[in-house]
Amino acid sequence: MADEAHLRASLLRGLAGDEAAHRGFLTDAAGLLRSYFRNRLRGQAEDAEDLVQETLVALHTRRHTYDPNYPLTAWMYAIARYRFIDFLRRSKHRAHASLDGVDVGDVDPQFDASDAKRDVAVLLDKLPEKQKTAIRLVKLEDRSIREAAAATGLSESDIKISIHRGLKTLMRLMGQEQVT
Amino acid sequence: MKTERLIDVLAQGVEATERPRWRVNLAITLLVGLVVGVAAVVIGLGVRPDIDTARMPVMMKVMFSGLAAAVVLPLALRLMKPGRPLGWRVGAVVLFVALCGACVVVALMGEEPGDRLAMWMGNGVLWCVVLIPVLAAPTAALLVWLMRAFAPTRLTLAGAAIGALSGGVGAMAYAMYCPVDSAAFVMTWYVLGIALSAAIGSLVGAKFLRW
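> Just checking my understanding: could you explain the overall build of chain A for this structure?
Counting secondary structure elements, chain A contains 8 helices and 0 strands. The linear arrangement of helices and strands in chain A, starting from the amino end, is α-α-α-α-α-α-α-α. The buried share of chain A, reckoned over its 180 residues, is 49%. Taking contacts inside chain A between residues at least 6 apart in sequence as the whole, the part at least 24 apart equals 69%. Looking at chain A as shown, the accessible area adds up to about 8300 Å², and 49% of this sits on carbon and sulfur atoms.

> For this particular structure, what's the right way to read the interface of chain B and chain A?
How large an interface is tends to be reported as the accessible area lost when its parts come together. Chain B puts 36 residues into the contact, and the matching count from chain A is 50 residues. For chain B, the biggest contributors to the area lost against chain A are Met1, Leu10 and Trp211 of chain B; these three give 20% of the whole. A salt bridge links Arg84 of chain B to Asp67 of chain A, with the nearest nitrogen and oxygen atoms 3.1 Å apart. Viewed at the interface, chain A and chain B are joined by 16 residue pairs in polar contact (both at pLDDT 80 or more). Per-element accounting of the side of chain B that touches chain A gives the leading share, 8 residues, to helix 1 (residues 3–11) of chain B.

> Would you mind going over helix 8 (residues 183–208) of chain B with me for this structure?
Since the α-helix packs 3.6 residues into each turn, any two residues three or four apart lie on the same face. In a regular helix each residue adds 1.5 Å, so 26 residues correspond to 38 Å; helix 8 of chain B covers 35 Å between its end C-alpha atoms and thus fits that length. In helix 8 of chain B, a bend of some 35° at Ser202 of chain B exceeds every other bend along the element.

> Looking at this model, I keep getting lost on the packing of aromatic side chains. Mind explaining?
Aromatic rings considered in pairs are described by the distance between their centres and by the relative angle of their planes. Summed over the entire model, instances satisfying the criterion amount to 10 aromatic pairs over all chains. Three or more aromatic residues joined by ring pairs make a cluster, and in this case those are Tyr36, Phe37, Tyr77, Phe84 and Phe87 of chain A. Residue placement shows Arg83 of chain A over the ring face of Trp211 of chain B; its charged tip is 5.5 Å from the ring centre. Between the NZ or CZ atom of Lys207 of chain B and the centre of the ring of Phe208 of chain B, over which it lies, the distance is 5.9 Å.

> What is the right way to read the packing of helix 4 (residues 88–109) of chain B against helix 5 (residues 113–121) of chain B from this model?
For any two helices packed against each other, one specifies the inter-axial angle together with the distance between the axes. Residue and element names in this part refer to chain B. Two elements in contact, helix 4 and helix 5, have axes whose closest approach is 9 Å; the angle formed by their N-to-C orientations is 140°. The angle between the axes of helix 4 and helix 5 places the two elements in the oblique class. Here the hand of the crossing between helix 4 and helix 5 comes out right-handed. Across from Val104, Leu108 and Met109 in helix 4, the residues of helix 5 making contact are Arg116, Met119 and Trp120. Split by residue class, the contact of helix 4 with helix 5 holds 5 nonpolar, no polar and 1 charged.

> Which parts of the structure should I look at to understand the confidence of the model for chain A?
Interpretation of this model should avoid reading the predicted coordinates in detail wherever pLDDT is low. When the pLDDT values of chain A are averaged, the result is 83; 84% of them are 70 or greater. For chain A, helix 5 (residues 120–125) of chain A is the element with the lowest average pLDDT, namely 84, and helix 2 (residues 19–40) of chain A is the one with the highest, namely 93.

Thresholds, definitions, all that
- Residues numbered from 1 in each chain as written.
- Chains lettered and ligands numbered in written order.
- Predicted model: local features only at pLDDT ≥ 70, side-chain atom pairs only at ≥ 80, totals over all residues.
- Heavy atoms only, no water.
- Helix = DSSP H or I, 4+ residues; strand = E, 2+ residues; numbered from the N terminus.
- Buried < 20%, exposed > 50% of the residue type's maximum accessible area, 1.4 Å probe, protein only.
- Contact = heavy atoms within 4.5 Å.
- Areas by Shrake-Rupley, 256 points an atom, 1.4 Å probe, with all protein chains shown as cover.
- Buried area = accessible area lost by both parts, 1.4 Å probe.
- Salt bridge = Lys/Arg side-chain N within 4 Å of Asp/Glu carboxyl O.
- Polar contact = N/O pair within 3.5 Å; in protein donor to acceptor, adjacent residues only side chain to side chain.
- Expected span 1.5 Å × (residues − 1).
- Bend = angle between axes of the 7 residues up to and from the residue.
- Phe/Tyr/Trp six-rings, centres within 6.5 Å; stacked < 30°, edge-to-face > 60°.
- Lys NZ or Arg CZ within 6 Å of the ring centre and 35° of its normal.
- Axes fitted to C-alpha atoms, helices over the stretch in contact; angles between N-to-C directions.
- Parallel < 35°, antiparallel > 145°, perpendicular 65-115°, else oblique.
- Left-handed = near helix turned anticlockwise from the far one by under 90°.
- Nonpolar A, V, L, I, M, F, W, Y, C, P; charged D, E, K, R; others polar.
- pLDDT = per-residue confidence, 0-100.

Here it is in structure tokens:
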């Protein structure tokens, strides 16, 4: 399982623009987050997976707030804990849940990714047209920023900003959803 | 969408991120907030009429308020980003308030017993405590906007820190108007005005800082 040093190295390489490293970071983070949320939401695997996805988007869009002088896991679990408290607020869930500490418990290898309750693809569809198009071209159809700019007639920086804003909007939509 | 697919989407075409220039942004935010606060005093309340002869005490009050803001600043910065230990920064604020309390007692002890109450209460207690949060509001709004671009995770504390920080800035503007100059008055009621800003901030922090 990923440890602090490994995770930190991947994130820092990702921050420098290394796509594979960033993917690796998100994948490892997803595993840890899954344990973290499943241990707090026993029997609610789908809610836990929603939170994993929500937190991944949060980690991604706020990755610039990580300061290399501080432990990566403290940063990551602070965000996870924040999303978890936000979830509890949303769901008015009053069951016992441990909020303090970042002890994730044992990582159970049987924790496979279950289906999330919400479908991110549906939420992406709700984004404003420009943001949606930019994300679709670059993120879903794997086109380069330049190609996307040419295809839409927008400037390259416009495409980048639209993607960035779109992902932030996505995170907000994830947080607004009514938990059932 | 499966989580694996989401990860692909997020990682796809990722580019080097720029380090946010938060120091510059923060400095601009505080400066703009102060200018708006001072403008509100000049237009809404009117600068105290004896400003020419009272430069010294006004200066002292502005510096005291600025000091209060500076004491809260490290704490506010810590709360801006996730997972940072607060350490001595809370202690600094507590120490500052305790020192103010001690100074108030010492200052009042030096007065004639009959004058103490008048020195302490001045004649504008209520206005002072109420107007400092009002004048802090523009700075607070700007700070919330700035902080949301980062990722505060302890919203109540972050709200309180923003409230106190902008309260200090508001008090700097208020000093232009405030007609009372006694140290005991300023150290009590300015600090309470700033504390009220912090309390309001902690109550509304979770609402406005949510991201």
